[in-house]
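Letter by letter, the chains look like this.
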Amino acid sequence: RDAAAAAAAASAPPAPPARSSTKGVPAHLADALVGLPEDAAVVSPTSRRTKLVATVGPATASREAILRLAAGGVNMVRLNLALATPEFHAEVLETVRQGNMTSPFV
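Small disclaimer: the values here were computed from a predicted structure and weren't measured. In every chain, residue numbers begin from 1 and rise along the written sequence. Under the rules for a predicted model, residues below a pLDDT of 70 receive no local features and side-chain atom pairs below 80 are neither given nor counted, while totals for whole chains, interfaces and linings still include all residues. To get the side-chain values, all heavy atoms of the structure are used, and hydrogens and water are removed first.

Caption draft 1: Broad picture of the overall build of the protein chain. On a plain count of helices and strands, the protein chain comes out with four helices and two strands. By definition, any uninterrupted DSSP run of H or I lasting at least four residues is a helix, any uninterrupted run of E lasting at least two residues is a strand, and each is numbered from the N terminus. Reading the protein chain from its N end, one meets helices and strands in the order α-α-β-α-β-α. Burial status across the protein chain gives 23% buried among its 106 residues. Of all intrachain contacts in the protein chain linking residues separated by at least 6 positions in sequence, the fraction that spans at least 24 positions is 56%. For the area figures, the Shrake-Rupley method with a 1.4 Å probe applies, and any residue is considered shielded solely by the protein chains shown. As displayed, the protein chain offers around 7,500 Å² of accessible surface, 60% of which is attributable to carbon and sulfur atoms. The cut-offs for exposure are 20% and 50% of the maximum accessible area for each residue type, with area from a 1.4 Å probe on protein chains only; residues under the lower value are buried, those over the upper are exposed, and the others partly exposed. Whether two residues are in contact is decided by their heavy atoms: any pair within 4.5 Å suffices.

Dropping the structure here:
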């Protein structure tokens, strides 16, 4: 029985790696990484002088996507009003505003 359990453990998929994006992240910001996807990279805002602008549309309108953009260094978002309805844009604006209030990346 122990041999069967050992064989099953050996063939089990490996455990996910520890989050590597916390390297170099200040301790007071590390808690915010819980809401980020595992593959999100965190860019220090002091590591560059360039400002980044992102257009938020249907593919990037979720809270998680906006948080990922902020963590990646986006300084400002814009909306292309030709792409969706006014209701959609109102929801996106509210999501961005909430992200500005709660995210330590902005």
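Caption draft 2: The arrangement of the nonpolar core in detail. Counting five residues, the largest nonpolar core consists of Val56, Ala61, Ile66, Val92 and Val96. Excluding residues that lie within four positions of it along the chain, Val96 makes contacts with Ile66 and Val77. Residues belong to a common nonpolar core when they are buried Ala, Val, Leu, Ile, Met, Phe, Trp, Tyr or Cys residues joined through side-chain atoms within 4.5 Å.

Caption draft 3: Representation of the side chain of His89. Turning to its location among the elements, His89 is positioned in helix H4 (residues 86-102). The buried category is assigned to His89, whose relative accessible area is 7%. Excluding residues that lie within four positions of it along the chain, His89 makes contacts with Leu79, Asn80, Leu81 and Ala84.

Caption draft 4: Inspection of helix H3 (residues 63-71) at higher detail. Buried within H3 are the following residues: Ala65, Ile66, Leu67, Ala70 and Ala71. Taken together, the buried residues of H3 touch strand E1 (52-56), strand E2 (74-79) and H4. Phi turns positive one or two residues past the end of H3, at Gly73, with a value near 110 degrees.

Caption draft 5: Local environment of the environment of Ile66. Secondary-structure assignment places Ile66 in helix H3. Taking the C-alpha atoms as reference, Ile66 lies 9.0 Å from Val77; in sequence the two are eleven residues apart. Each residue touching Ile66, except ones within four places of it in the same chain, is listed here: Val56, Thr60, Ala61, Thr95 and Val96.

Caption draft 6: How the structure looks around H4. For a helix, the expected span equals 1.5 Å multiplied by the residue count minus one. In this model H4 runs 24 Å from its N-terminal to its C-terminal C-alpha over 17 residues, within 8% of the 24 Å that 1.5 Å per residue would give. His89, Val92, Val96 and Gly99 are the residues of H4 that are buried. For H4, the angular spread of the buried residues around the axis is 80 degrees, confining them to a single face. Of the residues in H4, the exposed ones pointing more than 90 degrees away from the buried face are Pro86, Glu87, Glu91, Met101 and Thr102. Those residues of H4 that are buried are in contact with E1, H3 and E2. By arc we mean the arc of the directions from the helix axis to the C-beta atoms, nothing more.

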